[in-house]
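Analysis of the macromolecular model
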Amino acid sequence: MLVPILIGLGLIVVVFLVIVVMQPSGFRIIRSATMAATPSEIFAQVNDFHLWEVWSPWAKIDPNMKQSYEGAASGVGAIHTWSGNNKAGEGRLTITETRPHDLIRLKLEFLRPFRATNEVEFTFEPERTQTLVTWSMTGTNNFIGKVFGLIMNMDKMVGGDFEKGLASLSSIVEKANS
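Read on for a plain summary of the structure. (Residues numbered from 1 in each chain as written. Predicted model: local features only at pLDDT ≥ 70, side-chain atom pairs only at ≥ 80, totals over all residues. Heavy atoms only, no water.)

Regarding unusual backbone geometry
In this chain, R112 is followed by P113 through a cis amide linkage whose omega measures 15°. Examined against the element boundaries, P113 turns out to sit in the loop between β5 (103-112) and β6 (116-127). Of note in the backbone geometry, H101 takes a positive phi value of approximately 70° without being a glycine. When you line up the elements, H101 lands in the loop between β4 (90-99) and β5. Note on H101: relative accessible area 41%, which makes it partly exposed. Not every positive phi belongs to a glycine, and R128 is a case in point at roughly 55°. For R128, the location among the structural elements is in the loop between β6 and β7 (130-140). By relative accessible area, which is 87% here, R128 ends up exposed. (Helix = DSSP H or I, 4+ residues; strand = E, 2+ residues; numbered from the N terminus. Buried < 20%, exposed > 50% of the residue type's maximum accessible area, 1.4 Å probe, protein only.)

A short note on the pattern of salt bridges
Per the counting criterion, the structure on display carries ten salt bridges. A salt bridge links E90 to R112; the shortest N-O distance between them is 3.6 Å. Linking E90 in strand β4 with R112 in strand β5, this pair joins segments that are 22 residues apart in sequence. For E90, a relative accessible area of 28% gives the class partly exposed. Taking the relative accessible area as the measure of exposure, R112 reaches 26% and is therefore partly exposed. (Salt bridge = Lys/Arg side-chain N within 4 Å of Asp/Glu carboxyl O.)

The structure is reproduced here in structure tokens:
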């Protein structure tokens with residue numbers, strides 16, 4: 001009686017492991033919004049971590065979150081670190097590349113609640129009197145990330161935060177233009 005139960009449990013574990021291994025090893029989350037502002041106005045808000053507190057969807061998750069800024073005041077070499085509650089976690093964000101009014105590329109390092117390194121990118125494309133802003137994040141899934149992906153939809157979870165952040169950013173830059 002015990003042997004068939006152990007064989008059945010073993011098969012379940014093997015099937016689960018096969019399903020996990022077959023999950024994609026990479027991911028990309030991307031959201032866009034059109035804003036009634038110039039690329040340079042929007043670029044300035046994203047290129048300076050000190051300004052993120054007003055529009056970032058994660059800035060208000062933990063009112064007691066410890067934050068610090070290092071390196072350049074803005075642009076390449078600017079670094080933002082944070083450490084907060086379990087929802088905010090701990091990490092480091094570094095601007096690695098900028099092309100004024102066109103692109104900002106960042107390295108995002110999560111330290112807690114899990115370790116991960118992702119690339120974040122903002123692009124700014126003029127469209128007549130508006131700008132199309134695209135916010136994306138790419139990374140790789142290790143085994144734990146693949147298991148997590150079976151339980152939670154990262155695109156919906158993080159993508160929703162991107163949408164909130166873009167809406168808040170839009171409100172700020174459009175208010176400045178009115």
